[in-house]
Amino acid sequence: MYKSITFALTRTATAADQTAEAVKYIRRKGRSDLSARGEPFLWGLGGALAFGMLMIFGFLALIVWNGLVTFYPKPVQVVTLSDGTLLAGEPSRSEVYKPGPQVLEHLDEPARQAIAAEHGYARRTLFRTGNFDLYNEDFRWASDFSIVSVAEPADVYFIERIEWGPFVGFIRSLNLKGETVSGAALTRQILEEAHRRAVQRRELIREIEREEIGAVNHRLNSERLKLKRIALKQGENSDTYRQAAAESLALQETLQGRYHDLARDAQAVKAEDAQYTVTLAEIGGRGKTIPLSQVVRFTLPNDMSFFEKIRLYLSRWLEFLTDEPREANAEGGVMPALFGTFVMTVLMALAVAPFGVMAALYLREYAKQGKLVSVVRICVNNLAGVPSIVYGVFGLGFFAYICGGTIDRLFFPERLPNPVFGTGGLLWASLTLALLTVPVVIVATEEALAAVPQSMREGSLACGASRWQTIKYIVLPRALPGIMTGLILAMARGAGEVAPLMLVGVVKLAPELPLDGFFPYIHLERSFMHLGFHIFDVGFQSRNSEAGKPMVFVTTLLLISLVAFLNATAIVIRNRLKRRFLIGHF
Amino acid sequence: MEAARKIDENDHTVYHIKTTGRGPLIETEHFCLWYGSSQALFDVSMDIELGLVTALIGPSGCGKSTLLRSLNRMNDLIDGLRTRGAVRFDGHDIYDRDTDVIGLRKRMGMVFQKPNPFPMSISENVTYPLKVDGIHDKTVLAETVERALQGAALWEEVKDRLKDNALGLSGGQQQRLCIARAIAADPDVLLMDEPCSALDPIATARIEELINELRGRYTIIIVTHNMQQAARVSDNTAFMYLGRLIEYGETTRIFTTPRSAKTEDYVTGRFG
Ligand SMILES: Nc1ncnc2c1ncn2[C@@H]1O[C@H](COP(=O)(O)OP(=O)(O)O)[C@@H](O)[C@H]1O
Ligand SMILES: [Mg+2]
């Protein structure tokens, strides 16, 4: 058909007509071209998306699965090895490896042939044997060719201890204040009753040492500081000082007395506690006697119903969430870290929200939109890309040393040279993170403000409202969902940040929570624990990274859940707010 | 009518025909305005009569909105704005240094081209000017809502859903709500910038009716690009062209016996 058109055109064809005709020809021909239709690019884009999603979901699935199964009780296997020794432990994972020539040399013929059939490869399993105090290791490999038989005896115990990690083996006897119970007389009931009492004693000791002696120490310390303060202010020769010193010394005397009483009480309970012990035996028969109070729980993993396993699983989670860590963080709970992360994130949000919003309000609503504002805006955007460790250095230098040092000199002269605010702490960490995340809030707020239609502002101003009233009544409420989004992003970023925190207050093990019963109840100057740092510490700084691995997964799961929880809450709040502005026309 | 008068673009004569009214409320005197370096208003001098409806007509881009927004200093928001000459409201030059701009705006309600109700309830929209003034008395607020909505001929339609979000109203209702908001604090002047351009013919008729009802109570200045509308609702009409006031006088005279060739061309639909 278009040939005739071509013909019709050529009769009066000018150069322009010919060009137009050529273009038309290319256009019509081009329709069938695959690359022009863009299908391959579409496949590429879709593939990239799918790949990205797979990576993210695969990673999340790995964390969630490993995190969830960690606390589920695993069976304990007793393995008879070809050299006649026994090995008891939880099989934790198995892999294929290439045995060395020396190993092969000592093997019998069938085993060697089997390995040769697999091209020189054999399978081995890693057993969590526990009993670190006896073996000097927590894990042991056992190659399949060296295993003669595997059994799961019902009477093998998996005993979680306060120290030295788990014990895998049997209970030989129970020594209750000189009276020895063993054999058939040692029923589960007696064991549990004795253990319950031991745990009570452990808690009593802890209460005396931590709470009561802690309180006395705190008062003693504050008395000393008070006196020192007076000395610094009035001089040691003043009457006030002498009077105060006399009073203080008397009080200190009574407190010292109280301290000694408490220490004696604790000692007594400890002596009593030491008389209740349990004698354990590992699979090879070596014995080990430990105080009963050192045991966290006795479990018979091969002799548990599903219901019992679930109960154990839940109680381990509870311990994880509410207890303090032990064994160099590799066991026990993460409550201080969880609490520290939460408090720090909330403090950070409280600090970053007003700053970010005010800065964005000034930039967008008040400042004259010119070169200077553009430069400021670019700077703010670029601040978001500064490596976080740089903020850590700044936080340490500016907040801790300069601000904190000044505060110490002005308000806590009696404690010098010990720093109070002059070192890393919760407050400085929160402020450092606030600084780190403020660009996120500024950018999001500016966008939210820019999205408020100018007609709204004009409507308000035309009603005789001032600029500030317009912002307060019209602009801010409308921009709030967007501002919340920015805050969510900031909190998510802040909660997951570790590097700068290592410089400004996060520690491996914080003896005290930032919140306690001593005035002023919230201690912003204290160093604290953080889940992100906890992961790093457990996974890469502990004596045995294999033992810490499950803890790494659980803690990661917890950190991700915490961030997801913070985000979900903020998203719910934001959507509530948004609904108000999204009613369309009917 | 005289046959095709030649239009001279350099002829800047201003034709002031007699306007009806009780005397001027707003007077502009040789008012010039620049957006940055480009001049948008040239030497505009006109007296706006108290209690009447004044229409500003002219092709788009001729400066109608600019002039209207100069009257309550809404143009202050724009960076790089300069003015010369004077705009007197009630005898005071509003471009004086010590003018209370917020006080000025409180005496002038403004209705915009696109309805711009706030994302709040209907009653909160109406009482917004009172909220700004710090009035929180419940009975005063309730009375104001009823009076303003009745004034804007919207009361019957929304009296049962005053707590509903204003964004749920139809376009025409939203515009009447904006009129209610503009008259809620009982201003002296009502400035309307093409209030019907975003509305359908029925809603437009409704607003025009409303303007006729409000006549006499407020001094109304309405910008429109619709000449029939200007003819229907206004007492006086000003024709603007390229930032200049060309002709200003009684509406009937502007439409029947325009003095300027440009006015004649525009009102007879030869350009615009
Ligand atoms: N904010 C502004 N900045 C710069 N120029 C503007 C601005 N607003 C309007 N103008 C210019 O001023 C002239 C008059 O505009 P306007 O008053 O909106 O015309 P009308 O309302 O009569 O259509 C136009 O040329 C327009 O481009
Ligand atoms: Mg306009």
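Residues numbered from 1 in each chain as written. Chains lettered and ligands numbered in written order. Predicted model: local features only at pLDDT ≥ 70, side-chain atom pairs only at ≥ 80, totals over all residues. Heavy atoms only, no water.

Let us look at the overall build of chain B. Counting its secondary structure elements, chain B contains 11 helices and 11 strands. For chain B, whose C-alpha radius of gyration is 19 Å, the value lies close to the compact-globule estimate of 19 Å for 272 residues. For chain B, the C-alpha atoms occupy an extent of roughly 60 × 45 × 35 Å along the three principal directions. The 272 residues of chain B split such that 54% are buried. Nonlocal contacts in chain B, meaning residues at least 24 apart in sequence, comprise 71% of its contacts between residues at least 6 apart. Distance between charge centroids for chain B: 2 Å, based on 32 positive and 38 negative side chains. (Helix = DSSP H or I, 4+ residues; strand = E, 2+ residues; numbered from the N terminus. Rg over C-alpha atoms; globule rule 2.2 N^0.38 Å. Buried < 20%, exposed > 50% of the residue type's maximum accessible area, 1.4 Å probe, protein only. Contact = heavy atoms within 4.5 Å. Lys, Arg positive; Asp, Glu negative; His and termini not counted. Charge placed at Lys NZ, Arg CZ, Asp CG, Glu CD.)

A separate point is the sheet that holds strand E3 (residues 122-128) of chain A. All names here are of chain A. An order of E4-E3-E2-E1-E5 is seen for the five strands of this open sheet, with the pairing classed as antiparallel. Whereas interior strands pair on both sides, the edge strands pair on one side only; in this sheet they are strand E4 (139-143) and strand E5 (147-151). Neighbour-to-neighbour, the strand axes of the sheet open up by a mean angle of 40°, direction not taken into account. Direction of pairing for E3 relative to E4: antiparallel, over a ladder of five bridges. When the sheet's bridge partners are listed, Leu-126 is paired in E4 with Trp-141. (Pairing = 2+ DSSP bridges. Axes fitted to C-alpha atoms, helices over the stretch in contact; angles between N-to-C directions.)

This part takes up the pattern of salt bridges. If you walk through the whole model with that rule in mind, you get 37 salt bridges over all chains. The salt bridge involving Arg-197 of chain A is made with Glu-193 of chain A; its shortest N-O contact spans 3.4 Å. Residue Arg-197 of chain A and its partner Glu-193 of chain A are both found in helix H8 (residues 188-234); the two are separated by four residues, about one turn of the helix. Salt-bridge contacts for Glu-209 of chain B lead to Arg-206 of chain B; the nearest nitrogen and oxygen are separated by 3.6 Å. Residue Glu-209 of chain B and its partner Arg-206 of chain B are located together in helix H8 (residues 201-214), separated by three residues, close to a single helical turn. Of the residues examined, Glu-209 of chain B reaches a relative accessible area of 42% and is grouped as partly exposed. (Salt bridge = Lys/Arg side-chain N within 4 Å of Asp/Glu carboxyl O.)

The next thing to look at is the site of ligand 1. Residue and element names in this part refer to chain B. The full set of residues close to ligand 1 is Tyr-35, Ala-40, Ser-60, Gly-61, Cys-62, Gly-63, Lys-64, Ser-65, Thr-66 and Ile-78. Taking Lys-64, its main chain carries an N or O atom lying 2.9 Å from an oxygen atom of ligand 1. One of the side-chain nitrogen or oxygen atoms of Thr-66 is found 2.4 Å away from an oxygen atom of ligand 1. Looking at the shell around ligand 1, the element that brings in the most residues is helix H1 (residues 64-71), giving three residues. (Near = heavy atom within 4 Å. Polar contact = N/O pair within 3.5 Å; in protein donor to acceptor, adjacent residues only side chain to side chain.)

Let us look at the interface of chain B and chain A. On the side of chain A, 26 residues touch chain B, which itself brings 25 residues to the contact. Both faces combined, the contact of chain B with chain A buries some 2,200 Å², and carbon together with sulfur accounts for 62% of it. There are one salt bridge connecting chain B and chain A. A salt bridge links Arg-69 of chain B to Glu-458 of chain A; the nearest nitrogen and oxygen atoms lie 2.9 Å apart. The set of elements that each furnish at least two residues to the side of chain B that touches chain A consists of helix H2 (101-106), strand E7 (108-111), helix H4 (128-132) and helix H7 (171-184) of chain B. No other element matches the four residues that H4 of chain B contributes to the side of chain B that touches chain A. A class-by-class count of the residues in the side of chain B that touches chain A yields 15 nonpolar, four polar and six charged. (Buried area = accessible area lost by both parts, 1.4 Å probe. Nonpolar A, V, L, I, M, F, W, Y, C, P; charged D, E, K, R; others polar.)

We now examine unusual backbone geometry. All names here are of chain B. A positive phi angle, near 55°, is found at Arg-73, a position not held by glycine. Inspection of the secondary structure assignment puts Arg-73 in the loop between H1 and strand E5 (81-89). A relative accessible area of 14% places Arg-73 in the buried class.

Let us now look at the domain arrangement of chain A. Residues and elements named next belong to chain A. When cut into domains, chain A gives domain 1 (73-178 + 275-304), domain 2 (184-274) and domain 3 (335-507 + 522-581). On a C-alpha basis, the centroid separation for the pair domain 2 and domain 3 is 39 Å. Each partner contributes to the interface: domain 2 provides four residues, whereas domain 3 provides five residues. Carbon and sulfur atoms make up 56% of the area that domain 2 and domain 3 hide from each other, which totals about 460 Å². Seen at the junction of domain 2 and domain 3, the total is zero salt bridges. Where domain 2 meets domain 3, there are one residue pair in polar contact (both at pLDDT 80 or more). Broken down by class, the residue content of the side of domain 2 that touches domain 3 amounts to two nonpolar, no polar and two charged. (Domains from an automatic or database assignment.)

This paragraph deals with the packing of helix H13 (residues 388-411) of chain A against helix H14 (residues 426-450) of chain A. Residues and elements named next belong to chain A. Where H13 contacts H14, the two axes come as close as 9 Å, and the packing angle between them is 135°. What the angle tells us is that H13 and H14 run oblique. The hand of the H13/H14 crossing is right-handed. Between H13, through Ser-388, Tyr-391, Gly-392, Phe-394, Gly-395, Phe-399, Ala-400, Cys-403, Gly-404 and Ile-407, and H14, the contact on the second element is made entirely by Trp-428, Leu-431, Thr-432, Leu-435 and Leu-436. Across the contact of H13 with H14, the residue classes break down as 10 nonpolar, five polar and no charged. (Parallel < 35°, antiparallel > 145°, perpendicular 65-115°, else oblique. Left-handed = near helix turned anticlockwise from the far one by under 90°.)

A surface patch of like charges, here negative, comprises Glu-203, Glu-207, Glu-211 and Asp-323 of chain A. Residue class for Glu-203 of chain A comes out partly exposed when judged on its relative accessible area of 48%. (Patch = residues over 30% accessible without salt bridge, like charges linked within 9 Å, V, L, I, M, F, W, Y side chains within 5 Å. Areas by Shrake-Rupley, 256 points an atom, 1.4 Å probe, with all protein chains shown as cover.)

Residues and elements named next belong to chain A. Tallied over the entire structure, the rule returns 18 aromatic pairs over all chains. Here the aromatic rings of Phe-399 and Trp-428 are separated by 5.8 Å at their centres, their planes lie at 0°, and the arrangement is stacked. With Phe-399 in helix H13 and Trp-428 in helix H14, the pair connects residues that are 29 residues apart, well separated along the chain. Every member of this aromatic cluster is reached through a ring pair, and the members are Phe-394, Phe-398, Phe-399, Phe-412, Phe-421 and Trp-428. (Phe/Tyr/Trp six-rings, centres within 6.5 Å; stacked < 30°, edge-to-face > 60°.)

Right, let's talk about the confidence of the model for chain A for a bit. Across chain A, pLDDT averages 85, with 95% of residues at or above 70. The weakest mean pLDDT in chain A belongs to helix H1 (residues 2-11) of chain A at 49; the strongest belongs to helix H15 (residues 454-462) of chain A at 93. (pLDDT = per-residue confidence, 0-100.)

To continue, consider H7 of chain B. Residue and element names in this part refer to chain B. Look at H7: 20 Å from first C-alpha to last across 14 residues, which is about the 20 Å you get at 1.5 Å a residue. For H7, the buried fraction is high: 13 of the 14 residues fall into the buried class. Positive backbone phi, at 50°, marks Asp-186, one or two positions downstream of H7. (Expected span 1.5 Å × (residues − 1).)

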